[in-house]
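Observations on the model geometry
Given next are the chains, with one letter for each unit.
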Amino acid sequence: MANVIKLHVNGGVQVVSTDPRASLLSVLRDQLDLTGTKYGCGEAQCGACTVLIDGHPRRSCITPVGTAAGRQITTIEGLEQHGKLHPVQEAFLTEEAMQCAYCTSGMIMTAVAFLKSNPSPTEEEIAHAMEGNICRCGTYPRIVAAIQRASHQGTQS
Ligand code: FES
Ligand code: FES
């Protein structure tokens with residue numbers, strides 16, 4: 001049964017009519033047209049669908065949209081501020097840390113949250129933090145390099 005649900009997404013308020021058990025991912029993509037968040041496995045195994053909920057990385061494919069009501073949701077589209085990419089986005093571009101880029105938004109969202117909690121990580125800490133995000137193209141070395149680059153530039157914004 002459809003309910004009216006108020007979502008706080010990327011600093012704005014969105015009202016949707018949907019089954020509260022529907023995945024947050026499906027609502028973001030199909031109702032709010034925020035298609036930067038990707039469907040990979042649908043089973044919380046790959047990280048392609050990662051968004052931030054109250055600043056924490058969450059797998060939107062298994063998050064019932066009803067549980068996200070009233071919480072701050074950030075998607076890849078919400079990272080850019082005033083026409084300026086987030087330092088992690090810039091670092092991924094500079095390091096060319098993508099091939100097909102299907103995993104990239106999930107990688108970036110995970111990295112943004114990680115660098116908030118650990119602004120100066122070692123390479124090993126980065127690899128450990130990112131191990132739940134799968135890149136089928138195998139660009140892991142460049143992803144780690146991008147996160148290191150972003151950490152050196154500061155990601156407090
Ligand atoms: S699509 Fe959500 S973890 Fe893979
Ligand atoms: S760049 Fe293709 S899956 Fe990561």
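Residues numbered from 1 in each chain as written. Chains lettered and ligands numbered in written order. Predicted model: local features only at pLDDT ≥ 70, side-chain atom pairs only at ≥ 80, totals over all residues.

1. Topic: the overall build of the chain
Operational definition: Comment: elements are numbered from the N terminus, with helices defined as DSSP H or I runs of at least four residues and strands as E runs of at least two. In this description the radius of gyration comes from C-alpha coordinates, and the expected globular size is given by 2.2 Å times residues to the power 0.38. The exposure scheme places C-beta atoms from the backbone and then counts, for each residue, the other C-beta atoms within 10 Å of its own, assigning buried at 20 or more, exposed at 12 or fewer, and partly exposed in between.
For the chain, the count of helices and strands is 5 helices and 5 strands. Walking the chain from its N terminus toward its C terminus, one meets helices and strands in the order β-β-α-β-β-β-α-α-α-α. Relative to the compact-globule value of 15 Å for 157 residues, the chain shows a C-alpha radius of gyration of 15 Å, a close match. If one aligns the C-alpha atoms of the chain with their principal axes, the spans along those axes are about 45 × 30 × 25 Å. Sorting the 157 residues of the chain into buried and exposed places 41% on the buried side.

2. Brief notes about the pairing of strand β4 (residues 56-59)
Where we set the bar: Here, strands pair whenever DSSP counts at least two bridges between them.
Two strands pair when backbone bridges link them, and strand β3 (residues 50-53) and β4 are joined in this way by 4 bridges, in the antiparallel orientation. Residue pairing across strands places valine 51 opposite arginine 58, the latter belonging to β4. The turn joining β3 and β4, which pair antiparallel and follow one another in sequence, is formed by 2 residues; a positive phi near 50° is taken by aspartate 54.

3. Section: the sheet that holds strand β1 (residues 3-9)
Under the convention used in this document: Axis geometry follows a simple rule: fit a line to the C-alpha atoms, using only the stretch in contact for helices, then measure angles between N-to-C directions, giving values from 0 to 180 degrees.
The 5 strands lie next to each other as β2-β1-β5-β3-β4, forming an open sheet whose pairing is mixed. Of all strands in the sheet, those bounded by a partner on one side alone are β2 (12-18) and β4. For this sheet, the mean angle separating the axes of adjacent strands, direction not counted, is 40°. In this sheet, strand β5 (residues 72-74) lies alongside β1 in parallel orientation, the contact comprising 2 bridges. Bridge pairing links histidine 8 to glutamine 72 in β5.

4. Observations regarding the environment of valine 4
This is how it is decided: Contacts are defined on C-beta atoms placed from the backbone: any two residues whose C-beta positions lie within 7 Å are in contact.
The topology assignment puts valine 4 in strand β1. When the C-alpha positions of valine 4 and proline 87 are compared, they lie 36 Å apart, and in sequence the two are 83 residues distant. With near-sequence residues (within four places) excluded, valine 4 lies in contact with Val15 and Ser17.

5. What about the domain arrangement of the chain?
So the rule is basically this: In this entry, domain limits derive from an automatic or database-based domain assignment.
Entries for the chain in the domain assignment read domain 1 (3-78) and domain 2 (87-153). Between the C-alpha centres of domain 1 and domain 2 the distance comes to 21 Å. Taken together, the contact between domain 1 and domain 2 spans 14 residues of the former and 12 residues of the latter. Of all elements in the fold, only β3 and β4 reach the threshold of two or more residues within the side of domain 1 that touches domain 2. Sort the elements by how many residues they give to the side of domain 1 that touches domain 2 and β3 lands first, with 3 residues.

6. Observations regarding the nonpolar core
Our working definition: When buried Ala, Val, Leu, Ile, Met, Phe, Trp, Tyr and Cys residues are joined through C-beta atoms within 7 Å, the set is termed a nonpolar core.
One finds Val88, Ile108, Ala111, Val112 and Ile143 to be the most contacted residues of the largest nonpolar core, which totals 41 residues. Of all the secondary-structure elements, those providing two or more residues to this core are β1, α1 (24-31), β3, α2 (87-94), α3 (104-117), α4 (123-129) and α5 (140-153). Broken down by element, this core gets its largest block of residues, 8 residues, from α3. Residue-level mapping places this core at the junction of two domains, with at least three residues from each of domain 1 (3-78) and domain 2 (87-153).

7. Quick word on the packing of α2 against α3
Heads up, the condition is: Every angle not falling under 35 degrees, over 145, or within 65 to 115 is termed oblique; those three ranges are roughly parallel, roughly antiparallel and roughly perpendicular. Helix crossings get a hand from a simple test, with the near helix turned counterclockwise from the far one by less than a right angle marking a left-handed crossing and a clockwise turn marking a right-handed one. Under this grouping Gly is polar, as are all residues other than the nonpolar Ala, Val, Leu, Ile, Met, Phe, Trp, Tyr, Cys and Pro and the charged Asp, Glu, Lys and Arg.
Relative to each other, α2 and α3 sit at 130°, their axes nearing to 9 Å. One element, α2, and the other, α3, form an angle in the oblique class. Relative to α3, the crossing made by α2 is right-handed. Contacts between α2 and α3 involve Val88, Gln89 and Phe92 on the former and, on the latter, Thr104, Ile108, Ala111, Val112 and Leu115. Of the residues contributing to the contact of α2 with α3, the split by class is 6 nonpolar, 2 polar and no charged.

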